[in-house]
Amino acid sequence: MASEDTPDLINRLPRSTSAALFHLRFSTGPLYHAWTLLVVCCLVCFRPLRWDDPYQDRVEAWRRFLPAQVMLPTPTPTPTPLPLPERARVPILMYHYVSEPPVGADRIRLDLTVTPENFRAQLRYLADAGYHTITLSDLYLYLTQGIPLPDKPVVLTFDDGYRDAYEVVFPMLQEYGFTGTFFVLATPAHFESPGYLTWAQMKEMAEGGMDIQAHGRDHVDLRGRSYDYLVYQILGIQEAIYYHTGRLPRFFCYPSGRYDKDVIAVLKSAGYWGAVTTEWGYTHSLDNIFTMPRIRIRGSDTLASFVRRLEGR
Ligand SMILES: [Zn+2]
């Protein structure tokens, strides 16, 4: 009797009471058991959830429902950077004058002077033997970033900024498609001293692919100097070259090859990347980037002795 009367009874009840009775019937009926079974299955399937690694939890849970051949993407590992080279064997050749020596030239001047004829023969040898001229910036980028160097790299450096750098060296290097690095002084250029490069010539050379770098405001021994004096010499030449050529020099050549730790400290604080000495050697690394050795080319060198110096034989 009660079961036959119940539907009418439910219909006559207020809405909230009717909902409560419906829930009572559902919670004890077969739907209730099916719902409970589904909840239990889900709990079993997703059982080993860990809160410390949500991505792995999700992957692990979904793996249970996928066929074996379906592969989930795995995170790409961060590539391991290639190790940087520890050192580079690059001859940095050191020239001073490339001209006919003046009449009555003394022994030192003769030693510092390579004739244009000998210089041309040396350039021809470099080209024929497959050498490539690079800048000190190229060498620096190789050591610091691993940017590759060409085969048989060589750096050609010319100290003191003599006028023959513009009149003889610059056109000859262009003829061979080579570049050169010129370590210049500011004071002779400011006063347009005879025999030295002018700022206009340096600008033209820089625009023609040559590398204008710093040798000091004046050609003085920088050892044992005050901080202010070192800033005057080292920052002074750097700012002057930048002002006149539009290119910031990053390398310094110690006048007469003389330096101390204070000179190196001021170079570093002024933003230089390295410096060359007059010491002999072929190997460069970040450990000696502020004391890079060079190979002196002498006025008395024959082509055979030039090749021996170049190749370290
Ligand atoms: Zn010098």
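The shown structure was predicted, so the numbers you read here are calculated from the model rather than taken from an experiment.

1. A short note on the overall build of the protein chain
Of regular secondary structure, the protein chain possesses 13 helices and twelve strands. Relative to its 313 residues, the protein chain shows a buried fraction of 29%.

2. A word on helix H12 (residues 261–269)
All of the buried residues along H12 are Val-263, Val-266 and Leu-267. Buried residues of H12, viewed axially, fall in a sector of 105°; they line one side. Buried residues along H12 sit in contact with helix H11 (227–245), strand S9 (251–253) and strand S10 (274–280). Note on H12: the residue one or two positions beyond its end, Gly-271, has a positive phi of about 90°.

3. Some points on the environment of Phe-306
In this structure, Phe-306 sits in helix H13 (residues 303–311). When the 21 C-beta atoms within 10 Å are taken as the criterion, Phe-306 is described as buried. C-alpha separation for the pair Phe-306 and Asn-118, spaced 188 residues apart in sequence, amounts to 9.7 Å. Residue contacts for Phe-306: discarding those within four places in its chain leaves Gln-122, Ile-297 and Asp-301.

4. Let's talk about the pairing of S10
The side chains of a regular strand alternate between both faces of the sheet. Bridge count for S9 against S10 is three bridges, and the pairing is parallel. Bridge pairing in S10 links Phe-251 to Gly-274. Where the polypeptide runs from S9 across H12 and back to S10, its parallel neighbour, the crossover connection is right-handed. Pairing geometry for S10 and strand S12 (residues 292–296), over two bridges, is parallel. The residue bridging Trp-280 from the neighbouring strand is Arg-294, located in S12.

5. Brief notes about the nonpolar core
Ranked by internal contacts, the top residues of the largest apolar core, which has 60 residues, are Val-155, Ala-165, Phe-182, Val-184, Phe-252, Leu-267 and Ala-275. By residue number, the principal contributor to this core is helix H8 (residues 164–175), which donates six residues. Among residues more than four places away in sequence, those in contact with Phe-182 are Phe-158, Gly-161, Ala-165, Met-205, Met-210, Asp-211, Ile-212 and Gln-213.

6. Focus: the pairing of strand S7 (residues 181–184)
Burial along S7 is two-sided: Thr-181 and Phe-183 and Phe-182 and Val-184, pointing in opposite directions, are all buried. Following the backbone out of strand S6 (residues 153–159), through H8 and into the adjacent parallel S7, one traces a crossover that is right-handed. Relative to strand S8 (residues 211–214), S7 runs parallel, the two sharing four bridges. Paired with Phe-182 across the bridge in S8 is Ile-212.

7. A look at the packing of H11 against H12
It is the contact of H11 with H12, at a shortest axis distance of 10 Å, that shows an interaxial angle of 55°. Taken as axis vectors, H11 and H12 run oblique relative to one another. Here the hand of the crossing between H11 and H12 comes out right-handed. Mapping the contact onto sequence places Tyr-227, Leu-230, Val-231 and Ile-234 in H11 and Asp-262, Val-263, Val-266 and Leu-267 in H12.

8. A look at the environment of Pro-83
Along the chain, Pro-83 turns up in the loop between helix H4 (54–63) and strand S1 (88–89). A C-alpha to C-alpha distance of 8.1 Å links Pro-83 and Gly-146, two positions 63 residues apart in sequence.

9. Comments concerning the confidence of the model for the protein chain
Across the protein chain, the average pLDDT comes to 88, with 79% of residues at or above 70. A low-confidence stretch, residues 1–6 (pLDDT under 50), is modelled with zero contacts involving residues beyond four sequence positions or located in other chains.

10. Focus on the environment of Met-202
Examined against the element boundaries, Met-202 turns out to sit in helix H10 (residues 199–207). Note on Met-202: 23 C-beta atoms within 10 Å, which makes it buried. Counting along the chain gives 37 residues from Met-202 to Ala-165, while the straight-line C-alpha distance between them is 9.4 Å. Residues contacting Met-202, with those up to four places away along its chain left out, are Val-184, Leu-197, Ile-212, His-244 and Thr-245.

Thresholds applied
- Residues numbered from 1 in each chain as written.
- Predicted model: local features only at pLDDT ≥ 70, side-chain atom pairs only at ≥ 80, totals over all residues.
- Helix = DSSP H or I, 4+ residues; strand = E, 2+ residues; numbered from the N terminus.
- Buried ≥ 20, exposed ≤ 12 C-beta atoms within 10 Å, placed from the backbone.
- Arc of directions from axis to C-beta.
- Contact = placed C-beta atoms within 7 Å.
- Pairing = 2+ DSSP bridges.
- Right-handed = clockwise from strand over helix to strand, strands pointing away.
- Core = buried A, V, L, I, M, F, W, Y, C linked by C-beta atoms within 7 Å.
- Axes fitted to C-alpha atoms, helices over the stretch in contact; angles between N-to-C directions.
- Parallel < 35°, antiparallel > 145°, perpendicular 65-115°, else oblique.
- Left-handed = near helix turned anticlockwise from the far one by under 90°.
- pLDDT = per-residue confidence, 0-100.

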